[in-house]
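Letter by letter, the chains look like this.
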Amino acid sequence: MTSELTPYLAVADARRAIDWYQEALGAEVVHEPIVMPDGRVGHVELAVDGGRWMMADEFPDLHVEAPAPGRGAAVTLHLTVSDVDALVARAVGAGAVLDRGPEDSPPAGRVAVVRDPFGHRWLLDQPRPGFAQP
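This report concerns the structure included in the present document.

About the cut-offs
Residues numbered from 1 in each chain as written. Predicted model: local features only at pLDDT ≥ 70, side-chain atom pairs only at ≥ 80, totals over all residues. Heavy atoms only, no water. Helix = DSSP H or I, 4+ residues; strand = E, 2+ residues; numbered from the N terminus. Rg over C-alpha atoms; globule rule 2.2 N^0.38 Å. Buried < 20%, exposed > 50% of the residue type's maximum accessible area, 1.4 Å probe, protein only. Contact = heavy atoms within 4.5 Å. Areas by Shrake-Rupley, 256 points an atom, 1.4 Å probe, with all protein chains shown as cover. Lys, Arg positive; Asp, Glu negative; His and termini not counted. Charge placed at Lys NZ, Arg CZ, Asp CG, Glu CD. Salt bridge = Lys/Arg side-chain N within 4 Å of Asp/Glu carboxyl O. Polar contact = N/O pair within 3.5 Å; in protein donor to acceptor, adjacent residues only side chain to side chain. Expected span 1.5 Å × (residues − 1). Arc of directions from axis to C-beta.

Attention now goes to the overall build of the protein. Scanning the protein from terminus to terminus reveals two helices and eight strands. Moving toward the C terminus, one meets the helices and strands of the protein in the order β-α-β-β-β-β-α-β-β-β. Against the compact-globule benchmark of 14 Å for 134 residues, the protein has a radius of gyration of 15 Å, which places it among compact chains. C-alpha extents for the protein along the principal axes are approximately 50 × 40 × 25 Å. In the protein, which comprises 134 residues, the share counted as buried stands at 36%. By sequence separation, contacts in the protein at least 24 residues apart represent 51% of the contacts at least 6 residues apart. In the form shown here, the protein has an accessible surface area of approximately 7,700 Å², with 53% of it arising from carbon and sulfur atoms. Computed over 11 positive and 20 negative side-chain charges, the separation of the two mean positions in the protein equals 5 Å.

With that settled, consider the side chain of Asp-116. Tracing the backbone shows Asp-116 in the loop between strand 7 (109–115) and strand 8 (121–126). No salt bridge is formed by the buried Asp-116; its nearest oppositely charged neighbour, Arg-16, is found at 8.3 Å. Of note is the side chain of Asp-116, whose polar atom sits 2.5 Å from the side chain of Tyr-21. Leave out the neighbours within four places in its chain, and Asp-116 touches Trp-20, Tyr-21, Ala-96 and Trp-122.

Further remarks concern helix 1 (residues 14–25). Over its 12 residues, helix 1 runs 15 Å from end to end, which matches the ideal 16 Å to within 8%, given 1.5 Å per residue. Of all the residues in helix 1, the buried ones are Ala-14, Ala-17, Ile-18, Trp-20, Tyr-21, Ala-24 and Leu-25. Buried positions in helix 1, seen along its axis, are confined to an arc of 165° and lie on one side of it. Buried positions along helix 1 lie against strand 1 (8–11), strand 2 (28–35), strand 3 (41–48), strand 4 (51–57), helix 2 (84–93) and strand 8. Within two residues after helix 1, Gly-26 carries a phi angle of roughly 75°, on the positive side.

Glancing now at the side chain of Asp-57. Structurally, the position occupied by Asp-57 is in strand 4. Buried Asp-57, no salt bridge; nearest opposite-charge side chain is Arg-15, N-O distance 4.5 Å. Within the structure, Asp-57 has its side chain in polar contact with the backbone nitrogen of Ala-14 (distance 2.7 Å). Looking at Asp-57, its side chain comes within polar contact range of the main-chain nitrogen of Val-41, at 2.7 Å. Every residue in contact with Asp-57, bar those within four places of it in the chain, is listed here: Val-11, Ala-12, Asp-13, Ala-14, Arg-15, Arg-40 and Val-41.

What follows is the structure, given as structure tokens:
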């Protein structure tokens, strides 16, 4: 058996986040949103180049809250993509903050780090031929 770890993000506005991830990262909705009786999104699943994550609106009563604005990230999401430079340009154009790169970083490949408008930090990695991959 192979284990899998899938991030589950909490955001302050899941509908806006879905739109942003589709526009900025080219995400595809792979599991349509489940809308709770109060109108909040209780669950949705998205993917970019096969990299999948789950997401929901925040539910403070269940201790599920979005990252605090202006605070550093406790978690970085690593996403392997086919074109780091193009994705960074798209994400920054849609409001992401560029923290690093794009740059070649052996042995990883071509990398960049962006923070999305919802407080999540993404390490984007484009494997390069000749660079060792884990």
